[in-house]
2 protein chains.
Amino acid sequence: MNDRFLRALGRQPVDRTPVWIMRQAGRYLPEYRATRARAGSFVNLCKTPELACEVTLQPLARYPLDAAILFSDILTIPDAMGLGLSVEEGSGPRLAKPVRTRGAIEKLGVPDAETDLRYVMDAVRLIRRELHGKVPLIGFAGSPWTLACYMIEGEGSSSFARPKALALDDAATMHKLLDIVARSVAAYLAAQAAAGAQALMVFDTWGGLLAPDMFREFSLRYLAQIAQSLQIHNVARHVPLILFSKGANSHLEALADSGCAALGLDWTIALGDARMRVGNRVALQGNLDPAVLHASPDAIRGEVKRALDSFGPHPGHVFNLGHGITPDVDPEKLGVLIEAVHELSAR
Amino acid sequence: MNDRFLRALGRQPVDRTPVWIMRQAGRYLPEYRATRARAGSFVNLCKTPELACEVTLQPLARYPLDAAILFSDILTIPDAMGLGLSVEEGSGPRLAKPVRTRGAIEKLGVPDAETDLRYVMDAVRLIRRELHGKVPLIGFAGSPWTLACYMIEGEGSSSFARPKALALDDAATMHKLLDIVARSVAAYLAAQAAAGAQALMVFDTWGGLLAPDMFREFSLRYLAQIAQSLQIHNVARHVPLILFSKGANSHLEALADSGCAALGLDWTIALGDARMRVGNRVALQGNLDPAVLHASPDAIRGEVKRALDSFGPHPGHVFNLGHGITPDVDPEKLGVLIEAVHELSAR
């Protein structure tokens, strides 16, 4: 197996820097759009293991990527809790039954991954089989704070004022919600590992919207709870955990102390600065601005070189974008980026 | 005159922390919505000095604010350059004739503030007259990078991939655009000061979307150019400049060295941490999360206290939100916040 990705997460030497891309199975690929059209809906695509497997493998057929990532959505857990997920093209995800009262929150239970989220576990098993050990498979979940944002708001928001107001007005109720979501995420990730995922990632997409004290209390604390749960249950020893708290670069040291193996980084920090701040505690994954893929091939190579030089000749770097690839990217440009990473990082 | 705001910008002692609110003249106020409806369009509201004056004064009639801010838009400069500004409720601003080629950029000229932007200068003069010296008046402009984003993209964007790609592919052309915009902004701000503005603010709304090297090259450099131009032309001595680069907290030290009097802060950094980092070089303005205004009066007072305590008993703090007040806020909640600032900060 190509184990560059897992070696880099373990901060071991590699022959060249491994690379994968957030949303590498996505709308920028015509073959994805074709499968998505056949699936009828985004949710149906997630819930049909054969189709989820198909789109997971599509970018690997095009590019020499060093990892696959399960095709799924961060809102599978709220959906399994009964909140009713739908995803409209353009307008984003929507939960039909948001939870906004203590009563509604107290009725929530931790989903059983192998029954309530069976389709995800089946997809993991199928993808692992179809990968034939070519590259490792990453499983993932949303962070408790990010899931709570959607569960309370019912949809995306530029400010997530409702969950923030609940956190300020009734912290005890918010903690009740975050605790049940954190336990659900930990169990879900452990089940993905048991089904075959070889690394795990938590996307804290909206952590960076919180003021520092609130970030520590309502996001970081539950990321650490998940990391510790995976350690206690002996998952973390074999299956490294990557935490990605977008827009939360001021909290890197605390995130590195949470018990994870690696941190994802957005593009608003130099890799070298991040490495100096976290030292040898964790590997780092990232962090090119996705907008770079709209520049010329020469500029893309230049920015790849700048990122590799910034990280320097140390172990522990997984190349990625600093956020998901956008639907308007020319797939050939991504090829340029991946080739540049392998070529310019070859030892 | 109530000079708390100007004294705080000069880091002089004050009897209580001054407070004003970004977008304090805005859609959360029913009286604003009424004037806006009479104006017919947002652009017409900006371009009619009597109406701009009316909405500028509205929040001062409701609340004991320590400053007024000119009602206008950051895109008046591109509009005066001939790009054709329109603003649709909901969908945001649009420029009919974006500039995307070197040829188009080379045709741009620096607008003459007193002729091409006469309506802004007339509004400043009228507001100053109508304020009767009650509180100081703040003038403002958008930052060169932020204006360039709109001028190239033609509208808002979550990623501003076009201006970023131009910066990467043809830095010389991007610098040509940024230089002419920076010279236009400096002249515009100097003209606002000459017309009566007693403090000036530059909104670098999209600076935080840039990777660190690009921020320094394409945003910070032109903010410093403006600050230095205002010093050279003897404006800054009497009219303090506030720079607000949203999402760019990792660059605070460099921003503080740009020659401005104060920095605006978003809510993702503790005021005390920011103060320690910039020392006594500049005053600080901010930085409550606007979402706090959706919480209860008790929680609002608690967050005001937390912010005041974080800054500590030092001179040089102007209280504000960390971003504009949102249209869905209950005006009574803003009253609670302003009262709490004055009450809890009284020496």
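Residues numbered from 1 in each chain as written. Chains lettered and ligands numbered in written order. Predicted model: local features only at pLDDT ≥ 70, side-chain atom pairs only at ≥ 80, totals over all residues. Heavy atoms only, no water.

Draft legend 1. Broad picture of the overall build of chain A. The helix and strand tally for chain A stands at 16 helices and 9 strands. Rg of the C-alpha trace for chain A: 19 Å, near the compact-globule value of 20 Å for 347 residues, within the 12% margin. Viewed in the frame of its principal axes, chain A has a C-alpha envelope of about 55 × 45 × 40 Å. Residues counted as buried form 61% of the 347 residues belonging to chain A. Across chain A, every contact between residues at least 6 apart in sequence was considered, and the portion connecting residues at least 24 apart equals 73%. In the structure as shown, chain A presents an accessible area of about 12,800 Å², 50% of it carried by carbon and sulfur atoms. Side chains of chain A carry 37 positive and 37 negative charges; the gap between the two charge centres is 2 Å. (Helix = DSSP H or I, 4+ residues; strand = E, 2+ residues; numbered from the N terminus. Rg over C-alpha atoms; globule rule 2.2 N^0.38 Å. Buried < 20%, exposed > 50% of the residue type's maximum accessible area, 1.4 Å probe, protein only. Contact = heavy atoms within 4.5 Å. Areas by Shrake-Rupley, 256 points an atom, 1.4 Å probe, with all protein chains shown as cover. Lys, Arg positive; Asp, Glu negative; His and termini not counted. Charge placed at Lys NZ, Arg CZ, Asp CG, Glu CD.)

Draft legend 2. Molecular detail of the relation of the copies chain B and chain A. For the pair chain B and chain A, the relating rotation is 180°, the translation along its axis is 0.0 Å, and the fit reaches an RMSD of 0.0 Å. In short, the pair behaves as if placed about a two-fold rotation axis. Same-surface contact between copies: 100% of interface residues of chain B are shared with the interface of chain A. (Least-squares fit on C-alpha atoms with pLDDT ≥ 70 in both.)

Draft legend 3. The arrangement of the pattern of salt bridges in detail. All names here are of chain A. If you walk through the whole model with that rule in mind, you get 40 salt bridges over all chains. Here Asp122 and Arg125 are joined by a salt bridge, their closest N and O atoms 2.9 Å apart. Highlighted residues: Asp122 and Arg125, both in helix H8 (residues 118-131), separated by 3 residues, approximately one helical turn. Under the relative-accessibility criterion, Asp122 is labelled partly exposed at 25%. Residue classification places Arg125 among the partly exposed positions, given a relative accessible area of 28%. (Salt bridge = Lys/Arg side-chain N within 4 Å of Asp/Glu carboxyl O.)

Draft legend 4. Spatial organisation of the sheet that holds strand S6 (residues 241-245) of chain B. Residues and elements named next belong to chain B. In space, the 7 strands of this open sheet follow the order S1-S4-S5-S6-S7-S8-S9, with parallel pairing throughout. In this open sheet, the two strands that pair with only one neighbour each are strand S1 (68-69) and strand S9 (317-321). Relative to strand S7 (residues 262-264), S6 runs parallel, the two being bridged by 3 bridges. Counterpart to Phe244 in the pairing with S7 is Gly264. Strands in contact with helix H11 (residues 171-195) are strand S4 (137-142), strand S5 (199-204) and S6; relative to S4, the strand with the most contacts, it is inclined by about 170°. The sheet contacts of helix H15 (residues 297-311) involve strand S8 (283-288) and S9, and relative to S9 the element is tilted by about 145°. (Pairing = 2+ DSSP bridges. Axes fitted to C-alpha atoms, helices over the stretch in contact; angles between N-to-C directions.)

Draft legend 5. Highlighting the pairing of S8(B). Residues and elements named next belong to chain B. Within S8, 6 of the 6 residues are buried, which leaves it mostly tucked inside the rest of the structure. Note that S7 and S8 share 3 bridges and pair parallel. Paired with Ala262 across the bridge in S8 is Ala283. Read from S7 through helix H14 (residues 271-278) to S8, the crossover connection turns out right-handed. Direction of pairing for S8 relative to S9: parallel, over a ladder of 5 bridges. Residue pairing in the sheet places Gly286 in a bridge with Phe319 of S9. (Right-handed = clockwise from strand over helix to strand, strands pointing away.)

Draft legend 6. Main features of helix H16 (residues 331-345) of chain A. For H16(A), spanning 15 residues, the distance from its first C-alpha to its last is 22 Å, which sits close to the expected 21 Å at 1.5 Å a residue. Looking at where H16(A) begins, the residue whose side-chain oxygen comes 2.9 Å from the main-chain nitrogen of Glu332(A) is Asp330(A). (Expected span 1.5 Å × (residues − 1). Polar contact = N/O pair within 3.5 Å; in protein donor to acceptor, adjacent residues only side chain to side chain.)

Draft legend 7. Geometry of the environment of His294(A). In this fold, His294(A) is placed in the loop between strand S8 (283-288) and helix H15 (297-311). Sequence spacing of His294(A) and Arg237(A) is 57 residues, and the spatial spacing of their C-alpha atoms is 39 Å. Excluding its chain neighbours within four sequence positions, the residues that come into contact with His294(A) are Thr326(A), Asp328(A), Val329(A), Lys333(A), Ala161(B), Ala165(B) and Asp169(B).

Draft legend 8. Just the packing of aromatic side chains, in detail. Residues and elements named next belong to chain A. Applying the stated criterion across every chain, the model contains 12 aromatic pairs over all chains. Centre to centre, the rings of Phe42 and Phe71 are 5.7 Å apart; their planes meet at 65°, and the pair counts as edge-to-face. Of this pair, Phe42 sits in helix H3 (residues 42-47) while Phe71 sits in the loop between strand S1 (68-69) and helix H5 (76-83), and the two are 29 residues apart along the sequence. Accessibility classification places Phe42 together with Phe71 in one group, the buried group. Note on Phe160 and Trp206: the rings are 5.3 Å apart at their centroids and 50° apart in plane angle, and the pair reads as tilted. With Phe160 in the loop between helix H9 (144-153) and helix H10 (161-169) and Trp206 in the loop between strand S5 (199-204) and helix H12 (212-232), this residue pair connects regions lying 46 residues apart in the sequence. For Phe160, a relative accessible area of 0% gives the class buried. The exposure class of Trp206 is partly exposed, given its relative accessible area of 23%. Among the aromatic side chains, those forming a connected cluster through ring pairs are Tyr32, Phe42 and Phe71. (Phe/Tyr/Trp six-rings, centres within 6.5 Å; stacked < 30°, edge-to-face > 60°.)

Draft legend 9. Spatial organisation of the environment of Glu89(B). All names here are of chain B. Structurally, Glu89 is set in the loop between strand S2 (85-88) and strand S3 (92-95). Separated by 47 residues in sequence, Glu89 and Phe42 place their C-alpha atoms 8.1 Å apart. Excluding residues within four positions of it along the chain, Glu89 makes contact with Arg27 and Arg36.

Draft legend 10. Region of the structure containing the side chain of His251(B). Its place among the elements puts His251(B) in the loop between S6 and helix H13 (252-256). Residue class for His251(B) comes out buried when judged on its relative accessible area of 6%.

Draft legend 11. Geometry of the interface of chain B and chain A. Listed as interface residues are 25 residues of chain B and, on the opposing side, 25 residues of chain A. The contact between chain B and chain A buries some 2,000 Å² in all, and 61% of this surface belongs to carbon and sulfur atoms. Scanning the region where chain B abuts chain A turns up 4 salt bridges. For Arg306(B), the salt bridge goes to Asp213(A), with nearest N and O atoms at 2.6 Å. Run the count over chain B and chain A and you get 8 residue pairs in polar contact (both at pLDDT 80 or more). (Buried area = accessible area lost by both parts, 1.4 Å probe.)

Draft legend 12. Local environment of the sheet that holds S5(A). Residue and element names in this part refer to chain A. Strand order in the open sheet formed by 7 strands is S1-S4-S5-S6-S7-S8-S9, and the pairing between neighbours is parallel. A strand with exactly one partner marks an edge of an open sheet, and here the two such strands are S1 and strand S9 (317-321). Pairing of S1 with strand S4 (residues 137-142), which is carried by 2 bridges, proceeds in the parallel orientation. Each bridged residue has a counterpart across the sheet, and for Ile69 the counterpart in S4 is Ile138.

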